[in-house]
Amino acid sequence: MSTPPNPPMPNPRQANGFLVTVSLPSTLIASRFRRGDVFALPENPNAHLTIETIAPHPELGSRLIITPNDKTVPFTLHVDEPVQPVRMPRTIQVTCQLCDTATTTDLDLVAHGEPKTWVCNRH
């Protein structure tokens, strides 16, 4: 006996509207990252580093001090240093372009892209 296929389900991140995103470039400057993000340095793209802490260097204004989760020794990167994003989870508030209704959504900027516009499901 054959059963009918499951009906299509809405994407959980877009269940309440239509979200337009733009993909990230293959490298981003270090200043775009924050705690919890995962990145790789260009010279070792297979070694992923998860940021435990990231802060401006107290003496060198153009440098960031980054402490990875699995390392005890922090290192510095220039704020404009290009690094490869691997995962950048964000909770983002978006506003409907047609009626100003707001909602929050969880995205991984690397997987889903940066949100540019959203229209709620009432339109």
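Because the structure is predicted, anything quoted here is derived from the model rather than measured.

### A short note on unusual backbone geometry
Reasoning step 1: Look at Asp100: it is not a glycine, yet its phi comes out positive at around 65 degrees.
Reasoning step 2: Looking at the secondary structure, you find Asp100 in the loop between strand E8 (89–95) and strand E9 (102–108).

### Remarks on the pairing of E8
Reasoning step 1: Taking every second residue as pointing to the same face, the buried face of E8 carries Arg90, Ile92 and Val94, while none of Pro89, Thr91, Gln93 and Thr95 on the other face is buried.
Reasoning step 2: Pairing analysis gives seven bridges linking E8 to E9, with the strands arranged antiparallel. In the sheet register, Ile92 faces E9, and the bridge partner there is Thr105.
Reasoning step 3: Counted between consecutive antiparallel strands, the loop separating E8 from E9 contains six residues, among which Asp100 sits at a positive phi close to 65 degrees.

### Observations regarding the environment of Leu64
Reasoning step 1: One can find Leu64 in strand E5 (residues 63–68).
Reasoning step 2: Residues Leu64 and Val79, 15 residues apart in the sequence, show an inter-C-alpha distance of 6.1 Å.
Reasoning step 3: When near neighbours in sequence (up to four residues on either side) are disregarded, Leu64 contacts Ala30, Ser31, Ile54, Ala55, Pro56, His57, Phe75, Thr76, Leu77 and Val79.

### Comments concerning the packing of aromatic side chains
Reasoning step 1: Evaluated as defined, the whole model comprises one aromatic pair.
Reasoning step 2: Taking the centre distance of 5.6 Å and the plane angle of 45 degrees together, the rings of Phe33 and Phe39 count as tilted. Grouping residues by exposure puts Phe33 and Phe39 together as buried.

Calculation rules
- Residues numbered from 1 in each chain as written.
- Predicted model: local features only at pLDDT ≥ 70, side-chain atom pairs only at ≥ 80, totals over all residues.
- Heavy atoms only, no water.
- Helix = DSSP H or I, 4+ residues; strand = E, 2+ residues; numbered from the N terminus.
- Buried < 20%, exposed > 50% of the residue type's maximum accessible area, 1.4 Å probe, protein only.
- Pairing = 2+ DSSP bridges.
- Contact = heavy atoms within 4.5 Å.
- Phe/Tyr/Trp six-rings, centres within 6.5 Å; stacked < 30°, edge-to-face > 60°.

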